[in-house]
Amino acid sequence: MIWNKEFETMERKRLASMQTGLLQQQVERIYNKNAFYKGKMDAAGIKPSGIKSIEDIEKLPFITKSEMRDVYPYGLLSCDVNDIVEIHTSSGTTGKPVVDAYTQKDIDIWAEVMARTFTMGGATAKDRIQNAYGYGLFTGGLGAHYGARKIGAMVIPISGGNTKRQLQIMNDFGTTILSCTPSYSLYIAEVAAEEKLDFSKFSLKAGFFGAEPWSDNMRREIEDKLNIKAYDIYGLTEIIGPGVASECERQDMLHINEDHFFPEIIDPQTGQTLPDGEKGELVITTLTKEGTPLIRYRTRDITYLNREKCGCGRTSVRMHRILGRTDDMLIIRGVNVFPSQIEEVLLRIEGVEPQYQLIVERKDNMDCLEVQVEVNDAIFSDEIKSLEAGEKRIEKELREALLVHAKVKLVEPKAIARSEGKAKRIIDKRVF
Ligand SMILES: [Zn+2]
């Protein structure tokens, strides 16, 4: 099933010419309406008339999260403030929040791309979507809500938290689809197991999980524990919220809605554009956004692109699920380590739960990485000797995968704090 056949299966040549037209309009608009963008373009020596094709996007300067913070709250507005109908922001836990302001047209596009997302995973008007993303300034809740409404599904706007109630509602109302962060879905499964609830007796069939990077092994855990198909969805507050890209039923990379969000992959060190298939930092330009358009936003997410046509019939470029973040990347004794690599290794090992935390410290000028990971009851109740053997075995596998030593500590079930939103995986105690 394809929500919008015209745009999702558009012939690529026609798509590129449409993208060129949209980029030209966007650049013209921001140059004339936004002093911050005009200043950046003047400094880079590029005028709107210099954009002749979509490839010319490389002439435009990047924008970073810290620049967005510098112009908080309204510095990126590229329309009249009275035309803004809704505001969302990032959490702002690490500084001033970034602001996403939407006109009515922006909200309509958000609903459209989230309708495509749900449809890609097989959802229809007959589904009952339990939306356990947080509602509020966070984009997850309302973004999923608008898309679910657009396809005509029944929305259960429960928001995050109150897990026993989530299960009660899921059971009582016959929820067929769950949307939340992947880590929260596992917590829901854990509480269900404590309550002796059996998911095979529920109507749940699929889940749409995003807002944090997760691995394929974690997908298998979720699918197994909740008895569903689990789809990865990708989005970020700065761009629009959820709805930038999502997996189709083949679960083979995420289709980017590139008639609205133009992707590039760059080398994070040099800023040079990289060819398809090469790993680098994802950069996104909003081609149609009116409220707070972004030109070449550096997402800090690491992925690569594939322009081959997908078996589902969609022609849109696909991105690999996020491999890591440039700012999540730990540099341990000079080696780049991503939490997702560690997760892949851990979840291959029997008896290990998808709950872990990485603690980095500096001792005698040396970086020390400790991986704390939960094991199930059966393993934890074994004698110390076999726990130690388990730790050694995981250390060996991690060393092979990461090329750097990590100390492993197996901890008892439920020792690691659970999250109802994004999981906190890294505790970096180093002072730089
Ligand atoms: Zn596909």
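The paragraphs below set out a description of the structure included in this document. Fair warning: this is a prediction, and the values are worked out from it, not measured in the lab.

A look at the side chain of S185
- Examined against the element boundaries, S185 turns out to sit in helix α8 (residues 182-194).
- Residues contacting S185, with those up to four places away along its chain left out, are L178, C180, F209, I222 and L226.

Topic: the sheet that holds strand β8 (residues 241-247)
- The mixed open sheet is built from nine strands, whose spatial order is β4-β3-β5-β6-β7-β8-β9-β14-β13. If you trace the sheet from one side to the other, it starts and ends with β4 (154-156) and β13 (305-306), each paired once.
- Note that strand β6 (residues 206-209) and strand β7 (residues 229-236) share four bridges and pair parallel. Each bridged residue has a counterpart across the sheet, and for A206 the counterpart in β7 is K229.
- With respect to the sheet, α8 is in contact with β5 (177-180) and β6, its orientation differing from that of β5 by roughly 125 degrees.

Concerning the coordination of the zinc ion
- The zinc ion binds to the protein through C248 (SG), H255 (NE2), C310 (SG) and C312 (SG), with metal-donor distances spanning 2.1 to 2.3 Å.
- One can describe the site at the zinc ion as tetrahedral: its four donor atoms subtend angles covering 103 to 114 degrees at the metal.
- When the donor residues of the zinc ion are listed from N- to C-terminus, their spacing reads C-x6-H-x54-C-x1-C. Remark: C312 occurs in the loop between β13 and β14 (318-319) and C248 occurs in the loop between β8 and β9 (254-256); sequence separation between them is 64 residues.
- The exposure class of C248 is buried, given its relative accessible area of 1%.

Some words on helix α9 (residues 216-226)
- Of the positions making up α9, those classed as buried are N217, M218, R219, E221, I222, E223 and L226.
- At the exit of α9 stands N227, carrying a positive phi of roughly 55 degrees.

Considerations on unusual backbone geometry
- With an omega of 0 degrees, the peptide bond between Y72 and P73 qualifies as cis.
- Among the structural elements, P73 can be located in the loop between α4 (65-70) and β1 (84-89).
- Residues other than glycine seldom take positive phi values, yet N162 does so here, at roughly 55 degrees.
- Of note in this structure, A211 is not a glycine but carries a positive phi near 80 degrees.

A closer look at the packing of aromatic side chains
- For the structure on display, the rule yields eight aromatic pairs.
- A ring pair is formed by W110 and Y146, whose centres lie 5.7 Å apart and whose planes are at 70 degrees; its orientation type is edge-to-face. With W110 in helix α5 (residues 104-120) and Y146 in helix α6 (residues 139-150), this residue pair connects regions lying 36 residues apart in the sequence. By the burial criterion, W110 is buried, and Y146 matches it.
- Ring centres of F118 and F208 lie 5.0 Å apart, and the angle between their planes is 70 degrees; this geometry places the pair in the edge-to-face category. Of the two residues, F118 sits in helix α5 while F208 sits in strand β6, which places them 90 residues apart along the sequence.
- A relative accessible area of 1% means that F118 is categorised as buried.
- Residue class for F208 comes out buried when judged on its relative accessible area of 1%.

What counts as what
- All residue numbers refer to position in the chain's written sequence, counted from 1.
- Two thresholds apply to this predicted model, a pLDDT of at least 70 for residue-level local features and 80 or more for giving and counting side-chain atom pairs, whereas whole-chain, interface and lining totals are computed over all residues.
- Excluded from the side-chain calculations are hydrogens and water; all other atoms, namely the structure's heavy atoms, are used.
- Helix and strand labels come from DSSP, where a helix needs a run of H or I of at least four residues and a strand needs a run of E of at least two; each type is numbered from the N terminus.
- Contacts are assigned to residue pairs that have any heavy atoms within 4.5 Å of one another.
- By this definition, two strands are paired if DSSP reports at least two bridges between them.
- Helix axes are fitted only over the stretch in contact, all axes being lines through C-alpha atoms; the angle between N-to-C directions runs from 0 to 180 degrees.
- Each metal's donors are the N, O and S atoms within 2.8 Å of it, or within 3.2 Å when it is Na, K or Ca, and because water is not part of the set, sites may look incomplete.
- Geometry assignment treats four donors as tetrahedral when all angles are between 85 and 135 degrees, treats four as square planar and six as octahedral when opposite donors are over 155 degrees apart and all others between 65 and 115, and treats everything else as irregular.
- For every residue, the accessible area (1.4 Å probe, protein chains only) is compared with the maximum for its type, and the residue is labelled buried under 20%, exposed over 50%, or partly exposed between those bounds.
- Working definition: rings of Phe, Tyr and Trp (its six-membered ring) pair if their centres are within 6.5 Å, and the pair is stacked with planes under 30 degrees apart, edge-to-face with planes over 60 apart, and tilted otherwise.

Geometric descriptors of this kind do not, in isolation, establish any biological role.
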